[in-house]
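If you want the building blocks of each chain, they are given just below.
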Amino acid sequence: MTHDLILKGGRVIDPSQKHDGVLDVAFTGGKVSGFGKDLKGAKEIRDVSGYIVTPGLIDLHTHVYWGGTSLGIDADEFCRASGVTTSVDTGSAGPGNWPGFRKHVIERSQARILAYLHVSHAGIYGFDHRVMVGESRDMAMMNPIDCAEIADKNRDLIVGIKVRVGLHASGDQGTAPLNIALQVADEVGMPLMCHIDHPPPSYEEVVNMLRPGDVLTHAFRPFPNAPCTAQGTVKPEVLAARKRGVLFDIGHGKGSFSFKTTRAMLANGFQPDVISSDVHKLCIDGPAYDQVTTMSKFLLMGMSLTDVVAASTVNAAMALKRPEYGSLKVGSLGDATILTVKEGKFDYADVTGEHMTGDRKIVSEGVVLKGAWWHPKRTNKFRKVTA
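Quick caveat, the model's predicted, so the values are computed rather than measured.

1. Remarks on the packing of aromatic side chains
Then, number 1: In this structure the tally under the stated criterion is seven aromatic pairs.
Then, number 2: One aromatic cluster is present, built from ring pairs that chain together Phe 220, Phe 248, Phe 257, Phe 259, Phe 270 and Phe 298.
Then, number 3: Here the guanidinium or amino end of Arg 242 rests over the ring plane of Phe 270, the centre of that ring lying 3.8 Å away.

In structure tokens form, the structure reads like this:
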């Protein structure tokens, strides 16, 4: 047999290859081993005709340090249900609790987990229903020396440095935590992901400090600290940041995605670089839910299906600086997601309480992970064809 697994007859949308059409995708030894018409010779063949096949979805903003932080969810349960093959944990762990995250969660998980390491010693430790303490409020919690050392020694899993600034995360510290995080990112040669909530600091102050390849998450958040003006135009500092290569990530979460902001940004032709859920314990039951629900909102608001898929695959891979992710090119990681776009009436909500009724919903139907069929929990609907 030439291949371990072939997905046969699906509509393959792979923005990394600018492809949208029916063909087969094959996997061998955890990698993509075939991409074309009428592939043959596999130990296992799955008929996915009538379904959409994409590269494995990447959720660039999650919190999956289950048991180590109060906001953590179970990565495997989330990924299997929502079609995510790579969840990127964004700062749940800092240098003080990274070893436990690596040993007890990442290395035991079937789904692939990468991470941005928090510059705060204990990561996001005070995010819960009753206790809400911003880890960047106390500058004594900043630990740049150990953060740089651990990031350097764990480059197989750590993709960048995380910091949270804003009234909730950093109190009256302004951009001071961001200054420290940028020094760490420079020291280790990694990108930075910056969270922003209410001022201080302002959206403009933050984006002006970010470097090419850095990621601003919660990029389409509501007022205050929205990226657009009251007149519906994109702030000039935001346009300048994009021009120099700053990346804009959604990071929906509990409080960071607004339909009003999104309408203004899309009306100006400003699409997000990356769509991510920021899924955690306090938003997994709404309003974010998961990656495919977040993607659905952008589909309904005017982005094409190809662009929505790109923002959850190849664009996220480029943000991670891992081009072997987010693609079905031969030799890429053997991850794929099987989707459908359901038609009907679906209720969607943003974080401000605004609701929108949509006529379409992207649904995850199955996953190929590391070159093998990773069965969805609820069904196994895809017919296994005799090789």
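2. Brief notes about helix α9 (residues 291-300)
Then, number 1: The element α9 is extensively covered by neighbouring structure, given that ten of its ten residues are classed as buried.
Then, number 2: Those residues of α9 that fall on the buried side of the exposure criterion are Gln 291, Val 292, Thr 293, Thr 294, Met 295, Ser 296, Lys 297, Phe 298, Leu 299 and Leu 300.
Then, number 3: Once α9 ends, the next one or two residues include Gly 302, with phi positive near 120°.

3. Digging into the nonpolar core
Then, number 1: The biggest cluster of nonpolar side chains holds 98 residues, and the ones touching the most others in it are Trp 98, Phe 101, Ile 161, Leu 192 and Phe 248.
Then, number 2: The element best represented in this core is helix α5 (residues 176-188), accounting for seven residues.
Then, number 3: Residue contributions to this core reach at least three from each of two domains, namely domain 1 (3-54 + 331-340 + 362-385) and domain 2 (57-133 + 152-175 + 189-320).
Then, number 4: When neighbours within four sequence positions are excluded, Phe 248 is seen to be in contact with Tyr 203, Val 207, Leu 216, Ala 219, Val 238, Ala 241, Arg 242, Phe 270, Pro 272, Asp 273 and Val 274.
Then, number 5: Counting 15 residues, the second-largest nonpolar core is a separate cluster that includes Leu 23, Val 25, Ile 338 and Phe 382.

4. Quick word on the state of the cysteines
Then, number 1: Under the criterion given, the structure shown has zero disulfides.
Then, number 2: With no disulfide of its own, Cys 79 has Cys 283 as its nearest cysteine by sulfur position, at a separation of 14 Å.
Then, number 3: According to the relative accessible area criterion, Cys 79 is buried, its value standing at 0%.
Then, number 4: Sulfur of Cys 147: no disulfide; nearest cysteine sulfur belongs to Cys 194 and is 14 Å away.

5. As for a nonpolar patch on the surface
Then, number 1: On the surface, Tyr 125, Val 131 and Val 133 cluster together into a nonpolar patch covering about 240 Å² of accessible area.
Then, number 2: Within the secondary structure layout, Tyr 125 lies in the loop between β8 (112-118) and β9 (126-127).

6. Description of the domain arrangement of the protein chain
Then, number 1: Looking at the assigned domains, one finds that the protein chain contains domain 1 (3-54 + 331-340 + 362-385) and domain 2 (57-133 + 152-175 + 189-320).
Then, number 2: Between the C-alpha centres of domain 1 and domain 2 the distance comes to 28 Å.
Then, number 3: Residue-level contacts link 23 residues of domain 1 with 26 residues of domain 2.
Then, number 4: A buried area of about 1900 Å², summed over both sides, lies between domain 1 and domain 2, and 66% of it is on carbon and sulfur atoms.
Then, number 5: Here domain 1 and domain 2 share one salt bridge between them.
Then, number 6: When the shortest N-O distance is used, the salt bridge between Arg 112 and Asp 335 registers 2.4 Å.
Then, number 7: For the pair domain 1 and domain 2, the number of links is eight residue pairs in polar contact (both at pLDDT 80 or more).
Then, number 8: Those elements that provide at least two residues to the side of domain 1 that touches domain 2 are β1 (3-14), β5 (52-55), β15 (336-349) and β16 (355-369).
Then, number 9: Among the elements that make up the side of domain 1 that touches domain 2, the one with the highest residue count is β16 (five residues).
Then, number 10: Of the residues assigned to the side of domain 1 that touches domain 2, the class counts are twelve nonpolar, five polar and six charged.

7. Examining the UniProt feature "binding site: Zn(2+) 2" (unreviewed entry) in the protein chain
Then, number 1: UniProt annotation of "binding site: Zn(2+) 2" (unreviewed entry) refers to Lys 162, His 195 and His 218 when read in the numbering used here. A compact arrangement is adopted by the annotated residues: their sequence extent is 57 residues, whereas the largest C-alpha distance between any two is 13.1 Å.
Then, number 2: The topology assignment puts His 195 in strand β12 (residues 192-196).
Then, number 3: We classify His 195 as buried; its relative accessible area is 7%.
Then, number 4: Once residues lying within four places of it in the same chain are set aside, the contact partners of His 195 are Lys 162, Val 163, Arg 164, Val 165, Ala 169, Thr 217 and His 218.
Then, number 5: Relative to the helices and strands, His 218 is located in the loop between β13 (215-216) and α7 (236-243).
Then, number 6: The buried category is assigned to His 218, whose relative accessible area is 2%.
Then, number 7: Not counting residues up to four positions away in its chain, the partners in contact with His 218 are His 61, His 195, Ile 196, Asp 249, Ile 250, Gly 251, Ser 256 and Asp 278.

8. Considerations on the sheet that holds β13
Then, number 1: Across the sheet, seven strands lie side by side as β6-β7-β8-β11-β12-β13-β14; this open sheet has parallel pairing. The sheet is open, and its two borders are formed by β6 (57-62) and β14 (247-248), each paired with just one other strand.
Then, number 2: Relative to strand β7 (residues 84-90), β6 runs parallel, the two being bridged by four bridges. Across the sheet, residue Asp 59 finds its bridge partner in β7, namely Ser 87.
Then, number 3: Along the sheet, helix α1 (residues 75-82) makes contact with β6, β7 and β8, crossing β7 at roughly 135°.

Procedures and definitions
Residues numbered from 1 in each chain as written. Predicted model: local features only at pLDDT ≥ 70, side-chain atom pairs only at ≥ 80, totals over all residues. Heavy atoms only, no water. Phe/Tyr/Trp six-rings, centres within 6.5 Å; stacked < 30°, edge-to-face > 60°. Lys NZ or Arg CZ within 6 Å of the ring centre and 35° of its normal. Buried < 20%, exposed > 50% of the residue type's maximum accessible area, 1.4 Å probe, protein only. Helix = DSSP H or I, 4+ residues; strand = E, 2+ residues; numbered from the N terminus. Core = buried A, V, L, I, M, F, W, Y, C linked by side-chain atoms within 4.5 Å. Domains from an automatic or database assignment. Contact = heavy atoms within 4.5 Å. Disulfide = S-S within 2.5 Å. Patch = residues over 30% accessible without salt bridge, like charges linked within 9 Å, V, L, I, M, F, W, Y side chains within 5 Å. Areas by Shrake-Rupley, 256 points an atom, 1.4 Å probe, with all protein chains shown as cover. Salt bridge = Lys/Arg side-chain N within 4 Å of Asp/Glu carboxyl O. Buried area = accessible area lost by both parts, 1.4 Å probe. Polar contact = N/O pair within 3.5 Å; in protein donor to acceptor, adjacent residues only side chain to side chain. Nonpolar A, V, L, I, M, F, W, Y, C, P; charged D, E, K, R; others polar. UniProt positions renumbered as here; feature names shortened; annotations may be inferred. Pairing = 2+ DSSP bridges. Axes fitted to C-alpha atoms, helices over the stretch in contact; angles between N-to-C directions.

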